[in-house]
Amino acid sequence: MSSTTPARPRVSIQTEDFDLSAEVAALRAGDGAVGAVTTFIGTVRDRHAGQPDPDSALISAMELEHYPGMTERAIEAMIDEALRRFDIRAARVVHRVGPLAIGDQIVLVAVSSMHRGESFQACEFLMDWLKSEAPFWKKETTPEGARWVDARVSDERALARWGIASTNASVPAP
């Protein structure tokens, strides 16, 4: 029987919050070649990005849904692509699902590399992909009611700069 600790998964989809310090420590653990770690944390804000009037239709809650298994496989494939495109040591994505309140953490993308440039690029690449292609569905609740939110054109443009065309436009909300 082996006494080694199993490798930490590269992707976690969960309802519970995550601890940035613990995630970064785990990403760096045992790899003396790491010279840079870049992280991105997305949080629930109280307004939709396209709102012209910052005082109108404030968001009071958000709910995220996903397809278990399919979502993890899709994100794993994108991490593989980041490893192919950039000189990085490791990457980790934690994404929350279920009901979320204003200010809650939604997503963590963490990337380690020998040098900061590759780490920054890979982190941005992964986040651009997550925003438009990952199989998640977001519902925002406002005083006017709840509605499913589509990927924004700006998210699709961000993905296109990496040479990837968005394929998620035809996937309906649950």
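Presented here is an overview of the structure given in this document. (Residues numbered from 1 in each chain as written. Predicted model: local features only at pLDDT ≥ 70, side-chain atom pairs only at ≥ 80, totals over all residues. Heavy atoms only, no water.)

1. Some points on the overall build of the protein chain
Next, step 1: Assigned secondary structure in the protein chain consists of four helices and eight strands.
Next, step 2: Its helices and strands in sequence order give the protein chain the pattern β-α-β-β-α-β-β-β-α-β-β-α, from N to C terminus.
Next, step 3: Here the protein chain, with 174 residues, has 39% of them falling under the buried criterion.
Next, step 4: Within the protein chain, contacts between residues at least 6 apart in sequence are counted, and of these 74% link residues at least 24 apart. (Helix = DSSP H or I, 4+ residues; strand = E, 2+ residues; numbered from the N terminus. Buried < 20%, exposed > 50% of the residue type's maximum accessible area, 1.4 Å probe, protein only. Contact = heavy atoms within 4.5 Å.)

2. What about the pattern of salt bridges?
Next, step 1: This structure, assessed with the given rule, holds 10 salt bridges.
Next, step 2: One salt bridge in this structure joins D80 and R10, with 2.7 Å as the shortest N-O distance. Pair noted here: D80 is in helix α2 (residues 70-85) and R10 is in the segment before β1 (11-14), with a separation of 70 residues, a long-range link.
Next, step 3: Residue R10 is classed as partly exposed on the basis of its relative accessible area, which comes to 24%.
Next, step 4: A salt bridge links R96 to D17; the nearest nitrogen and oxygen atoms lie 3.7 Å apart. With R96 in strand β4 (residues 88-96) and D17 in the loop between β1 and α1 (20-28), the pair connects residues that are 79 residues apart, well separated along the chain. (Salt bridge = Lys/Arg side-chain N within 4 Å of Asp/Glu carboxyl O.)

3. Focus on the pairing of strand β6 (residues 105-113)
Next, step 1: Burial runs high along β6: nine of the nine residues are buried.
Next, step 2: Examined bridge by bridge, strand β2 (residues 36-43) and β6 share eight bridges and lie antiparallel to one another. Bridge pairing links G42 to V107 in β6.
Next, step 3: By the bridge criterion, seven bridges tie β4 to β6 in an arrangement that is antiparallel. Its bridge partner being in β6, V93 is matched across the sheet by V109. (Pairing = 2+ DSSP bridges.)

4. Some details on the packing of aromatic side chains
To describe a pair of aromatic rings, you give the distance between the ring centres and the angle between the ring planes.
Next, step 1: Scanning the model with the defined rule gives two aromatic pairs in all.
Next, step 2: Between the aromatic rings of Y67 and W137, the centroid separation amounts to 4.8 Å while the plane-to-plane angle is 70 degrees, which identifies the pairing as edge-to-face. One end of the pair, Y67, is in the loop between β3 (61-66) and α2; the other, W137, is in strand β7 (residues 136-142), with 70 residues separating them in the sequence.
Next, step 3: For W137, a relative accessible area of 8% translates into the label buried. (Phe/Tyr/Trp six-rings, centres within 6.5 Å; stacked < 30°, edge-to-face > 60°.)

5. Here we look at the pairing of β3
Next, step 1: As paired strands, β3 and β7 are joined by six bridges and run antiparallel to one another. Within β7, the position partnered with E63 by the bridge is K139.
Next, step 2: Summarising the sheet, β3 and strand β5 (residues 98-100) pair through three bridges and their orientation is antiparallel. Bridge pairing in β5 places M62 opposite L100.

6. Quick look at the side chain of H95
Next, step 1: Along the chain, H95 falls in strand β4.
Next, step 2: Exposure remark for H95: the relative accessible area of 9% places this residue in the buried category.
Next, step 3: Ignoring anything within four residues of it in the chain, the contact list for H95 reads S12, I13, Q14, L64, I106, V107 and F136.

Remember, this is a structural readout, not a statement about activity or role.
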